[in-house]
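# Notes for the structure review
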Amino acid sequence: MALITGVTFANEHSVPFLAANGFHGSITTLGKMTHGIEIYLSQSNTVEISPDGKTAKIGGGIRARNLTDALWSVGKQTVTGACECVGYLGPGLGGGHGWLQGHHGLISDQYLSFDVVLANGNLATIDENSELFWGLKGAGHNFGIVTSVTSKIYDVQYPNYAIETIFFSGEKVEEVYQLANELWITNSTAPEGLNHWSYWFIDPTIDPEKGVDTVDPIHTAPFHQLGPIMSQPQSGDYRDLAAWTGISLADGPCQKTGNANPRFPIYLQAYNPQAQKQVYDLFRETTTGPATPFAGSLSMFEGYSQQGVRSFADDASAFAYRSDNLLVAPLLIYPPSKELNEAAQTLGNRMRQVLFEGSGQPTLNTYVNYAYGDETSAAWYGSDSWRQERLAALKKKYDPEERFSFYAPIA
Ligand SMILES: Cc1cc2nc3c(=O)[nH]c(=O)nc-3n(C[C@H](O)[C@H](O)[C@H](O)COP(=O)(O)OP(=O)(O)OC[C@H]3O[C@@H](n4cnc5c(N)ncnc54)[C@H](O)[C@@H]3O)c2cc1C
């Protein structure tokens, strides 16, 4: 109710407004919100499980860890973002990647209906009978403030997890990604519970059916043959995944540091080992040493399992990139200033351009929730003209005055 009053007040006084939850949104278009009303959703964090145990009504201000804990305590789970402090709706409105997507699809594939405050201040229930349902699942930041969502939930079927973290020196870049293509992408028989991620950190001192308690060597032995620096197997349950990958509540990405953290994302079909090497050299050169402001930066290579995502039709929602295999993103970390923002934009785009040219793909495909902000609407929501036209028509109908246009606005 207070939320409706807030939006109505803002509209009557022509004041901009923006919902906030996990504060992980970093797209530069948010910078256009120079004044106005922040609508902080944290009190909207309830989870109500349906009597049949198959769905839950979830508050629009809940965060991933809180949702996972609430469901886990009753033997349930659903697809959330991998990072514990990220919102549940923020990622889902842009599609939403998470550890369980191989089993069940994207975060947004779980959504059955939304309670949403629209641009005109009205509270509406949007489900599969509404044309807006499609748009909320992929371009949702453009259409309203979700006060609650009803999502599919599942019995915990895969409680145990294992990870093996294998460390390589930089000289192995081409071999490692050639092998990753062969094992996990090109002729993949990888199971739907297997996620393969890699990070690049430059450390000048050295140069993750049923649950499992060890990673089957079929997925890792070929990497051991490449001669890693070391490898670290760990086992536990689903809730340990965030800590193992450095994105738990206790880890750096969940702390406020004052640093800027822009990403320059690109979806890829497969790795191009030579392009990987080229970007690695550039990354190393520009993020190592006392003179660089970008020391401590990282590059992310996220190979989430795709079976669940592809069990939905390509045109099922406004999320355009079900057929891509990899989510890659150089991430530059630095203390923000005008000069460094410009330098980061140049450098990040240079790295992404090498990956794009190496991909041979005709279009730049980016995850809207990782986007830097200078990409096109076609890059965020898909270049197919039917997608662009469908989104433009929804925008014109549901938000003609473009109140919801701070986060990756539909062109
Ligand atoms: C460290 C880190 C880890 C991440 N991990 C993942 C991941 O595992 N999977 C993934 O898919 N993405 C991930 N992301 C990207 C993430 O999807 C986006 O950053 C997303 O915008 C974060 O949403 P938020 O609620 O946390 O942030 P906020 O900055 O609070 O919100 C981001 C945008 O979402 C809007 N929004 C939030 N809640 C609502 C709502 N209820 N109704 C309407 N609009 C709303 C806000 O208005 C804002 O425009 C990660 C990002 C970071 C920085």
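Residues numbered from 1 in each chain as written. Predicted model: local features only at pLDDT ≥ 70, side-chain atom pairs only at ≥ 80, totals over all residues. Heavy atoms only, no water.

Note the threshold: UniProt positions are given in the numbering used here, feature names are shortened, and annotations may be inferred rather than shown by experiment.
The protein chain is annotated in an unreviewed UniProt entry as FAD-binding PCMH-type domain-containing protein of Apiospora phragmitis. The Cofactor (unreviewed entry) field of the UniProt record for the protein chain holds the comment "FAD". According to the UniProt record, the Sequence similarities (unreviewed entry) comment for the protein chain is "Belongs to the oxygen-dependent FAD-linked oxidoreductase family."

## A short note on empty space enclosed by the protein
If a probe the size of a water molecule is rolled over the atoms, the empty space left behind becomes visible. Just so we agree on the cut-off: Definitions used for this entry: grid spacing 1 Å over protein atoms alone; cavity, a set of points where a 1.4 Å probe fits but cannot get out; pocket, an open set with protein on both sides within 12 Å along at least 5 of 7 lines; lining residue, one with an atom within 4 Å of a point. Grid points are joined across faces, edges and corners, and a volume is the space filled by probe spheres set on the points. A run of H or I in DSSP becomes a helix once it reaches four residues, and a run of E becomes a strand once it reaches two; helices and strands are each numbered from the N terminus. All amino acids are sorted into three groups, where Ala, Val, Leu, Ile, Met, Phe, Trp, Tyr, Cys and Pro are nonpolar, Asp, Glu, Lys and Arg are charged, and the leftover types, Gly among them, are polar. Segmentation of the chain into domains, including their bounds, is taken from an automatic or database domain assignment.
As a volume, the largest cavity reaches approximately 110 Å³. Looking at the lining of the largest cavity, the elements that each hand over two or more residues are helix 2 (64-72) and helix 8 (241-244). Broken down by class, the residue content of the lining of the largest cavity amounts to seven nonpolar, three polar and three charged. Mapping the lining of the largest cavity onto the domain boundaries places at least three of its residues in each of domain 1 (2-156) and domain 2 (160-381). The volume enclosed by the second largest cavity comes to roughly 60 Å³. Forming the walls of the second largest cavity are 14 residues, and the residues nearest its centre are His97, Tyr267, Gln306, Asp324 and Asn325. Its residues assigned to classes, the lining of the second largest cavity comprises seven nonpolar, four polar and three charged.

## Describing the site of the ligand
Where we set the bar: Only a single heavy atom is needed: when it lies within 4 Å of a molecule or strand, its residue is near that molecule or strand. Here a polar contact is recorded for every N or O atom pair within 3.5 Å, except that within protein the pair must consist of a potential hydrogen donor and a potential acceptor, and residues adjacent in sequence are included only if both atoms are side-chain atoms. Here the accessible surface of atoms and residues is derived via Shrake-Rupley with a 1.4 Å probe, and residues count as covered only by protein chains that are part of the display.
Around the ligand there are 33 residues in total, and Ala19, Asn21, Ala82, His97 and Tyr367 lie nearest to it. The backbone of Phe23 places a nitrogen or oxygen atom 2.9 Å from an oxygen atom of the ligand. Between Val146 and the ligand, the recorded distance is 2.9 Å, taken from a backbone N or O atom to a nitrogen atom. About the coverage of the ligand: the protein hides 93% of its 950 Å² of free accessible area. Sorting the residues of the shell around the ligand by element identifies strand 1 (17-20), helix 3 (89-93) and strand 8 (145-152) as the ones contributing at least two each.

## Remarks on the sheet that holds strand 11 (residues 196-200)
The condition that has to hold: Only when DSSP finds a minimum of two bridges between them are two strands counted as paired. Axis lines are fitted through C-alpha atoms, for helices just across the contact stretch, and the angle between N-to-C directions can take any value from 0 to 180 degrees. Note on contacts: a residue pair is in contact if any heavy atoms of the two residues lie within 4.5 Å.
Overall, antiparallel pairing links the four strands, which are arranged 11-14-15-13 in an open sheet. Where the open sheet ends on each side, the last strands, each with one partner, are strand 11 and strand 13 (266-268). Within the sheet, the average angular offset between the axes of one strand and its neighbour, ignoring direction, is 15°. Along the sheet, helix 6 (residues 173-186) contacts strand 11, strand 14 (298-303) and strand 15 (326-331); its crossing angle with strand 11, the most-contacted strand, is approximately 165°.

## Notes on the domain arrangement of the protein chain
Definition in use: Accessible area that two parts lose when put together, with a 1.4 Å probe and added across both, is what the buried area reports. One side-chain nitrogen of Lys or Arg within 4 Å of one carboxyl oxygen of Asp or Glu is enough to make a salt bridge.
Splitting the protein chain by domain gives domain 1 (2-156) and domain 2 (160-381). Its C-alpha centre places domain 1 at a distance of 25 Å from the equivalent point of domain 2. Facing the 40 residues of domain 1 at the interface are 43 residues of domain 2. Both faces combined, the contact of domain 1 with domain 2 buries some 3,400 Å², and carbon together with sulfur accounts for 59% of it. A per-residue breakdown of the area domain 1 buries against domain 2 is headed by Trp72, His97 and Trp99, which together make up 23% of the total. Across the contact surface, domain 1 and domain 2 share one salt bridge. Taken together, domain 1 and domain 2 are joined by 21 residue pairs in polar contact (both at pLDDT 80 or more). For the side of domain 1 that touches domain 2, the secondary structure elements donating two or more residues are helix 2, helix 3, helix 4 (101-104) and helix 5 (132-139).

## Re helix 7 (residues 217-224)
Our working rule: Partly exposed residues are those whose accessible area sits between 20% and 50% of the maximum for their type, while under 20% is buried and over 50% is exposed, using a 1.4 Å probe and protein chains only. Note: the arc covers the axis-to-C-beta directions of the helix.
Along helix 7, the residues classified as buried are His219, Thr220 and Phe223. All buried residues of helix 7 fall inside an arc of 65° around its axis, so they share one side. Summarising the geometry of helix 7, the exposed residues directed more than 90 degrees from the buried face are Pro217 and Ile218. Where helix 7 is buried, its residues meet strand 10 (160-167) and helix 6.

## So, the state of the cysteines
This is how it is decided: We call a pair of cysteine sulfur atoms a disulfide whenever their separation is within 2.5 Å.
Across all of its chains, the model carries one disulfide by this definition. Between the sulfur atoms of Cys85 and its disulfide mate Cys254 the distance is 2.0 Å. The sign of the -95° torsion about the S-S bond sets the Cys85-Cys254 disulfide as left-handed. Not engaged in a disulfide, the cysteine Cys83 finds its nearest cysteine sulfur in Cys85; these two sulfurs lie 3.7 Å apart.

## Regarding the environment of Ala371
In this fold, Ala371 is placed in the loop between helix 11 (338-359) and helix 12 (377-381). C-alpha of Ala371 to C-alpha of Arg263: the two residues are 108 residues apart in sequence and 6.4 Å apart in space.

## Looking at the environment of Val215
Mapping Val215 onto the fold places it in the loop between strand 11 and helix 7. Given a relative accessible area of 15%, Val215 falls into the buried group. Linking Val215 and Tyr304, residues 89 residues apart in sequence, is a C-alpha distance of 16 Å. If we skip the residues at most four places from it in the chain, Val215 touches Ala162, Ile163, Glu164 and Thr220.

## Let's talk about the environment of Ala393
Among the structural elements, Ala393 can be located in helix 13 (residues 385-398). Taking the C-alpha atoms as reference points, Ala393 and Tyr238, separated by 155 residues in sequence, lie 41 Å from one another.

## Brief notes about the sheet that holds strand 3 (residues 47-49)
An order of 3-4-8-6-7 is seen for the five strands of this open sheet, with the pairing classed as antiparallel. In this open sheet, the two strands that pair with only one neighbour each are strand 3 and strand 7 (123-127). The mean angle between the axes of side-by-side strands here comes to 15°, regardless of whether they run parallel or antiparallel. With six bridges connecting them, strand 6 (residues 111-117) and strand 8 associate as antiparallel partners. Bridging from a neighbouring strand, Val117 pairs with Ile145 of strand 8. Here helix 5 sits on the sheet and contacts strand 6 and strand 7; the angle it forms with strand 6, its principal contact strand, is near 90°.

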